[in-house]
Amino acid sequence: MGRVGVLLLNLGGPEKLEDVRPFLYNLFSDPEIIRLPFSWMQKPLAWFISSRRAATSQENYRKIGGGSPLLRITEEQATALQKQLELNGREAQVYVGMRYWNPFTEDAIARIKRDSISQLVVLPLYPQFSISTSGSSFRVLEKLWQEDPALEEIEYTVIPSWYKHSGYLQAMAELIAEELDRFEEPERVQIFFSAHGVPVSYVTESGDPYQKEIEECTELIMRTLNRPNPHNLAYQSRVGPVEWLKPYTDEAIEELAEQGVKDLLVVPISFVSEHIETLEEIDIEYRELAESAGIERFHRVPALNTHPVFIADLADMVEEALENPNIAFSDVVRPDKKMKMYPQERWEWGITPAAEVWNGRLAMIGFIALLLELITGQGPLHFVGLL
């Protein structure tokens, strides 16, 4: 048996305030984020947007310590996973590949080639599959494999999603139980699952299974938790003029407050690492909203990070994938030819959502509206600027 590698996929984020502008430039240079009729427009427009948005984005990162902790945590997860695999008797090298910031997915693949890895497990750090997170990274990898014949020597397999895995569910249940027991009356606490949203069209037109997997995951976690608490699910980080998955987190919080809920426990269900959406959007923005609406006790369940049960479960996933290495990039990028896993390949404008995740493309209303938004920072396309 040859050398075994594991590639952890995530989106990435600026580690320092001075990284914010080049981070934004990289994002908007990607035609997957904004589609333009002429390729020569991509980089100039990316420069313009990154210059315009840098100050606002830097301010949001300043609120959480001056940069994203995502790379540090992901590297800690990689180290913990490698140690767990060693304890299980499996020698493997774990790599980190980010979609939009260092270390890029391409850099990770270069290291994998250099290290002569012959078996590779591709493991996205997103429990639920979406065309805008795991799917986006899989497309990059598929392109790399098509362009580099040397990669054909690597026997790889992909783990599309893993929200049903028992260890993940158990780790989530343990974290929720710990936070519930911090309340004076744990049984009266409203458990509030908040997932990153995607445009409705992703689900209805492009066949994205994300909503179905999020809803099923929520119920599986509650079943594993086995507590009588009421619970609900909502979606955060919407942006732009199109309809996103509902209910929206901010509106759902206000509705619960109107119903008399005083104790609220927020569970970030689509994130396994602390980053700007948990540390800024939930901990600061939604907390302020909840308190002003009348909710008296607002707690949040921490992200899994390097929770030992979670790390052990990731190791189990790797072992299972190595035993059944039969899922290719094409299987997860286009699992069903009858289903469009990505928006139609026609000229259209798109921009990913804010809050470091940039989860997907939005249908825009035209070039003039886009330029107006970019120049003024206002208008129908104005986004919250969490980046």
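Residues numbered from 1 in each chain as written. Predicted model: local features only at pLDDT ≥ 70, side-chain atom pairs only at ≥ 80, totals over all residues. Heavy atoms only, no water.

Undergrad: Where do I start with the overall build of the chain in this structure?
TA: Along the backbone of the chain there are 13 helices and 8 strands. Taking as baseline every contact in the chain between residues at least 6 positions apart, the subset at least 24 positions apart corresponds to 79%. Just so you have it, the chain exposes about 16200 Å², and 50% of that area is on carbon and sulfur atoms. (Helix = DSSP H or I, 4+ residues; strand = E, 2+ residues; numbered from the N terminus. Contact = heavy atoms within 4.5 Å. Areas by Shrake-Rupley, 256 points an atom, 1.4 Å probe, with all protein chains shown as cover.)

Undergrad: Quick question: what am I supposed to make of the nonpolar core here?
TA: As a rule of thumb, soluble globular proteins bury nonpolar side chains together. The biggest cluster of nonpolar side chains holds 81 residues, and the ones touching the most others in it are Y168 and I176. Examining the composition of this core, we find that 9 residues originate from one element, helix α6 (residues 166-180), more than from any other. (Core = buried A, V, L, I, M, F, W, Y, C linked by side-chain atoms within 4.5 Å. Buried < 20%, exposed > 50% of the residue type's maximum accessible area, 1.4 Å probe, protein only.)

Undergrad: Whenever I open this one, the packing of helix α3 (residues 70-87) against helix α11 (residues 308-323) confuses me. Can you help?
TA: For any two helices packed against each other, the geometry is given by the interaxial angle and the distance between the axes. Packing of α3 against α11 leaves a shortest axis separation of 9 Å and a crossing angle of 65°. Of the two possible hands of crossing, α3 and α11 adopt the one that is right-handed. Within the contact between the two elements, α3 uses Q77, A80, L81, Q84 and L85 and α11 uses F310, I311, A312, L314, A315, V318 and E319. Split by residue class, the contact of α3 with α11 holds 9 nonpolar, 2 polar and 1 charged. (Axes fitted to C-alpha atoms, helices over the stretch in contact; angles between N-to-C directions. Left-handed = near helix turned anticlockwise from the far one by under 90°. Nonpolar A, V, L, I, M, F, W, Y, C, P; charged D, E, K, R; others polar.)

Undergrad: Can you walk me through the pattern of salt bridges in this structure?
TA: Pairs may arise between side chains of opposite charge once their charged atoms sit close together. One pass over the structure, following the stated rule, counts 17 salt bridges. Note that R72 is salt-bridged to E76, the shortest N-O span being 3.3 Å. Residue R72 and its partner E76 are both found in helix α3; the two are separated by 4 residues, about one turn of the helix. D181 is the salt-bridge partner of R227, the closest N and O atoms lying 3.3 Å from each other. (Salt bridge = Lys/Arg side-chain N within 4 Å of Asp/Glu carboxyl O.)

Undergrad: What should I look at first to understand the sheet that holds strand β5 (residues 190-196) in this one?
TA: Sheet strands pair via backbone hydrogen bonds, and the direction of the pair is either parallel or antiparallel. Read across the sheet, 4 strands follow the order β6-β5-β7-β8 without closing on themselves; strand pairing throughout is parallel. Every interior strand has two partners, whereas the edge strands, β6 (231-236) and β8 (297-300), have only one. The mean inter-strand angle of the sheet, taken between neighbouring strand axes irrespective of direction, is 25°. In the sheet, β5 pairs with strand β7 (residues 263-268) via 5 bridges, with the strands oriented parallel. For Q190, the partnering residue across the bridge sits in β7 and is L264. (Pairing = 2+ DSSP bridges.)

Undergrad: So what exactly am I meant to see when it comes to the sheet that holds strand β4 (residues 155-158) here?
TA: Strands sit in the order β2-β1-β3-β4 across an open sheet of 4 strands; the sheet is parallel. Each end of this open sheet is capped by a strand with a single partner; those strands are β2 (93-98) and β4. Taken over all neighbouring pairs, the strand axes of this sheet differ in orientation by 20° on average, direction set aside. With 6 bridges connecting them, strand β1 (residues 3-10) and β2 associate as parallel partners. Residue pairing for β2: N10 is matched across the bridge by M98.

Undergrad: Can you help me understand the packing of aromatic side chains in this one?
TA: Ring pairs (aromatic) are described by centroid distance and by the angle formed between their planes. Throughout the structure, instances matching the rule amount to 8 aromatic pairs. Their ring planes at 70° and their centres at 5.2 Å tell us that W145 and F329 sit as a pair that is edge-to-face. In this pair, W145 sits in helix α5 (residues 134-147) while F329 sits in helix α12 (residues 329-333), placing the two residues 184 residues apart along the sequence. Just as W145 is buried, F329 falls in that class too. (Phe/Tyr/Trp six-rings, centres within 6.5 Å; stacked < 30°, edge-to-face > 60°.)

Undergrad: Looking at this model, I keep getting lost on unusual backbone geometry. Mind explaining?
TA: The phi angle of most residues is negative, glycine excepted, and most peptide bonds adopt the trans form. A cis amide bond links N102 to the next residue, P103, at an omega of -10°. For P103, the position within the fold is in the loop between β2 and α4 (105-114). Cis geometry marks the peptide bond from K246 to P247, where omega comes out at 0°. Structurally, the position occupied by P247 is in the loop between β6 and α9 (249-258). Positioned with a positive phi, S116 is a non-glycine residue whose angle comes to about 55°. Along the polypeptide, S116 turns up in the loop between α4 and β3 (117-124).

Undergrad: Looking at this structure, how should I read the pairing of β4?
TA: Every regular strand shows the same layout, with side chains that alternate between the two sheet faces. In the sheet, β3 pairs with β4 via 4 bridges, with the strands oriented parallel. What sits directly across from L120, in β4, is Y156. Where the polypeptide runs from β3 across α5 and back to β4, its parallel neighbour, the crossover connection is right-handed. (Right-handed = clockwise from strand over helix to strand, strands pointing away.)

Undergrad: Before we go on, may I ask you to explain the environment of R297 in this structure?
TA: Its place among the elements puts R297 in strand β8. Residue class for R297 comes out partly exposed when judged on its relative accessible area of 36%. Considered as a pair, R297 and K262 are 35 residues apart in the sequence and their alpha carbons are 6.2 Å apart. Among residues more than four places away in sequence, those in contact with R297 are F183, K262, D263 and L264. A polar atom in the side chain of R297 sits 3.3 Å from the side chain of E296. (Polar contact = N/O pair within 3.5 Å; in protein donor to acceptor, adjacent residues only side chain to side chain.)

Undergrad: What exactly am I supposed to notice about the confidence of the model for the chain here?
TA: Low pLDDT means the predicted coordinates in that region are not meant to be read closely. Per-residue confidence for the chain gives a mean pLDDT of 86, with 83% of residues at or over 70. Long-range and interchain partners of residues 335-369, a stretch whose pLDDT sits below 50, account for 130 contacts in this model, where long-range means more than four residues apart. Note that pLDDT drops below 50 for residues 372-387; the model gives that stretch 53 contacts with residues more than four away or on any other chain. (pLDDT = per-residue confidence, 0-100.)

Undergrad: It is not clear to me how α5 should be interpreted in this structure. Could you clarify?
TA: Relative to the 20 Å expected for 14 residues at 1.5 Å per residue, α5 spans 20 Å between its end C-alpha atoms, a close match to the ideal helical length. Turning to α5, its buried residues number three or more, namely S134, G135, S136, S137, F138, V140, L141, E142, L144 and W145. Contacts from the buried residues of α5 go to β1, α4, β3, β4 and α12. (Expected span 1.5 Å × (residues − 1).)

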